[in-house]
Amino acid sequence: MKKYAFGVDIGGTTCKIGFFDTNGTLLDKWEIKTNTENNGESILSDVAKAVDNKLAQEAISKDDVQGIGIGVPGPVDSQGVVHRCVNLGWGVVNVAEELGNLTGLKIKVGNDANVAALGEMWQGGAKGSKDVIMVTLGTGVGGGGIIVDGKVVAGFNGAGGEIGHITVNNDEIEACNCGQYGCLEQYTSATGIVRLAKRKLAKSTEETSIREIPNLTAKDVFDAAKAGDAIAIGLVDEVCEILGSTLSNIACVVNPEIIVIGGGVSKAGDILLDNIKKHFVETSFMACRETKFALAGLG
Ligand code: ZN
């Protein structure tokens with residue numbers, strides 16, 4: 001194992017770059033803008049430049065760099081080929097080969113939620129476990145990652161672990177970003193929680209502190225619930241029931257040792273974790289009832 005490595009999270013607006021030693025200690029991190037013009041054709045060369053600049057700045061030779069690990073917001077196959085990534089403007093892009101040619105370094109590519117799960121298993125909330133489910137409750141998408149016996153379940157064409165698109169409501173009339181109706185992320189991502197809240201407010205005239213909040217966020221809903229607002233408490237319970245019961249179904253398939261909850265929504269903390277666990281146990285298969293729960297540790 002060489003001394004250094006890079007971790008890159010390619011997102012729709014920024015690429016977050018981390019420079020690490022190979023024990024997993026973060027030495028430096030920074031962001032560059034994601035240029036999605038012309039079908040995102042310059043994204044990989046921009047990342048390559050950022051890596052080269054850093055190595056020049058630190059006077060580190062590429063011989064001391066193990067490689068670059070990359071997360072992208074779309075399905076990635078086992079060869080490191082991305083199959084359509086709407087946020088980046090990409091069609092089929094062989095990230096491993098292209099960035100490898102640009103940098104001369106070894107490249108490993110995965111779906112962002114899957115590699116987040118790997119990170120949590122290595123250095124975060126699931127440290128020491130080999131059977132892990134991670135759910136990322138982000139502002140937009142509620143993606144996930146499933147690790148069985150230390151390996152990410154990426155599936156046939158990289159779409160494994162897409163927990164966010166499990167159907168949880170057959171009666172939904174609004175479409176999910178994926179085009180289907182009633183996906184988990186429509187209820188449990190940050191935007192999903194706000195959507196549920198607005199629906200509930202439109203249907204009831206009950207007094208609640210969240211009714212007066214302009215540009216309501218998921219954090220507002222959790223804060224109001226913590227302060228004892230009955231409508232907000234009901235909403236949090238509804239969200240956690242949907243998530244808890246869905247996770248208990250997934251647990252029947254992969255029998256995880258631990259379930260890690262990450263993403264912006266997870267900042268709500270114990271109120272979220274305890275409530276998900278309560279509903280998980282209610283619907284859980286007996287042998288999975290002792291599954292541990294943790295918040296993501298890496299941010
Ligand atoms: Zn969906």
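Residues numbered from 1 in each chain as written. Predicted model: local features only at pLDDT ≥ 70, side-chain atom pairs only at ≥ 80, totals over all residues. Heavy atoms only, no water.

(A) Main features of the side chain of Ser 189. Position of Ser 189 relative to the elements: it lies in the loop between helix 5 (185-188) and helix 6 (190-203). A distance of 2.8 Å separates a polar side-chain atom of Ser 189 from the backbone oxygen of Glu 185. (Helix = DSSP H or I, 4+ residues; strand = E, 2+ residues; numbered from the N terminus. Polar contact = N/O pair within 3.5 Å; in protein donor to acceptor, adjacent residues only side chain to side chain.)

(B) Here's a closer look at the coordination of the zinc ion. Note on the zinc ion: its protein donors are His 165 (ND1), Cys 176 (SG), Cys 178 (SG) and Cys 183 (SG). The metal-donor distances range over 2.0 to 2.3 Å. Sequence positions of the donors to the zinc ion reduce to the motif H-x10-C-x1-C-x4-C. Look at Cys 178 and you get partly exposed, because its relative accessible area is 40%. (Donors = N, O, S within 2.8 Å, 3.2 Å for Na, K, Ca; no water. Buried < 20%, exposed > 50% of the residue type's maximum accessible area, 1.4 Å probe, protein only.)

(C) The pairing of strand 11 (residues 258-262), seen in detail. Taking burial as the measure, the five residues of strand 11 include five buried ones, the bulk of the element. The side-chain alternation of strand 11 yields two buried faces, one formed by Ile 258, Val 260 and Gly 262 and the other by Ile 259 and Ile 261. The pairing of strand 8 (residues 132-136) with strand 11 spans five bridges and is parallel. The residue of strand 11 that forms the bridge with Met 134 is Val 260. (Pairing = 2+ DSSP bridges.)

(D) Region of interest: the sheet that holds strand 3 (residues 26-33). Across the sheet, which stays open at both edges, the five strands sit in the order 3-2-1-4-7 with mixed pairing between neighbours. Where the open sheet ends on each side, the last strands, each with one partner, are strand 3 and strand 7 (107-111). Across the sheet, the mean angle separating the axes of adjacent strands is 15 degrees when strand polarity is ignored. As judged from the seven bridges shared by strand 1 (residues 4-10) and strand 2 (residues 14-21), these two strands associate in the antiparallel manner. Along strand 2, the bridge assignment pairs Val 8 with Ile 17. (Axes fitted to C-alpha atoms, helices over the stretch in contact; angles between N-to-C directions.)

(E) Quick peek at the nonpolar core. Ile 133, Leu 247, Ile 261 and Leu 272 are the most contacted members of the largest nonpolar core, which totals 41 residues. At the level of elements, strand 8, helix 6, helix 7 (218-226), helix 8 (230-254), strand 11 and helix 9 (270-283) are the ones that each hand at least two residues to this core. At twelve residues, helix 8 tops the list of elements feeding residues into this core. Residue contacts for Leu 247: discarding those within four places in its chain leaves Ile 133, Val 135, Ile 259, Ile 261, Ile 276, Phe 280 and Phe 293. Grouped together as the second largest cluster of nonpolar side chains are 32 residues, Val 8, Val 65, Val 72 and Val 93 included. (Core = buried A, V, L, I, M, F, W, Y, C linked by side-chain atoms within 4.5 Å. Contact = heavy atoms within 4.5 Å.)

(F) Region of the structure containing helix 2 (residues 43-58). The end-to-end C-alpha distance of helix 2 is 23 Å, a good match for the 22 Å that 16 residues give at a rise of 1.5 Å each. Listing the buried residues of helix 2 in full gives Ile 43, Leu 44, Val 47, Ala 48, Ala 50, Val 51, Lys 54 and Leu 55. Buried residues of helix 2, seen end-on, are gathered within an arc of 160 degrees and therefore sit on one face of the element. In helix 2, the exposed residues that point more than 90 degrees away from the buried face are Lys 49, Asn 53, Ala 56 and Gln 57. Ala 59 lies just past helix 2 and shows a positive phi near 55 degrees. (Expected span 1.5 Å × (residues − 1). Arc of directions from axis to C-beta.)

(G) Structural detail: the sheet that holds strand 12 (residues 292-295). Read across the sheet, five strands follow the order 10-9-8-11-12 without closing on themselves; strand pairing throughout is mixed. At either margin of the open sheet sits one strand with a lone partner, and together these are strand 10 (151-152) and strand 12. Relative to strand 9 (residues 144-148), strand 8 runs antiparallel, the two sharing four bridges. Bridging from a neighbouring strand, Ile 133 pairs with Ile 146 of strand 9. Along the sheet face, helix 8 touches strand 8, strand 9, strand 11 and strand 12 and points at about 150 degrees away from the line of strand 8. Contacts between helix 9 and the sheet are confined to strand 11 and strand 12, with strand 12 contributing the most and set at about 155 degrees to the helix.

(H) How the structure looks around the pattern of salt bridges. Counted under the stated rule, the structure contains twelve salt bridges. For Arg 195, the salt bridge goes to Glu 172, with nearest N and O atoms at 3.2 Å. Remark: Glu 172 occurs in the loop between strand 10 and helix 5 and Arg 195 occurs in helix 6; sequence separation between them is 23 residues. Take Arg 195 and Glu 172: they sit in the same class, and that class is buried. Linking Glu 257 and Lys 292 is a salt bridge whose minimum nitrogen-to-oxygen distance equals 3.3 Å. Linking Glu 257 in the loop between helix 8 and strand 11 with Lys 292 in strand 12, this pair joins segments that are 35 residues apart in sequence. For Glu 257, a relative accessible area of 35% gives the class partly exposed. In the salt-bridge network here, residues are joined through shared partners; they are Glu 172, Glu 174, Arg 195 and Arg 199. (Salt bridge = Lys/Arg side-chain N within 4 Å of Asp/Glu carboxyl O.)

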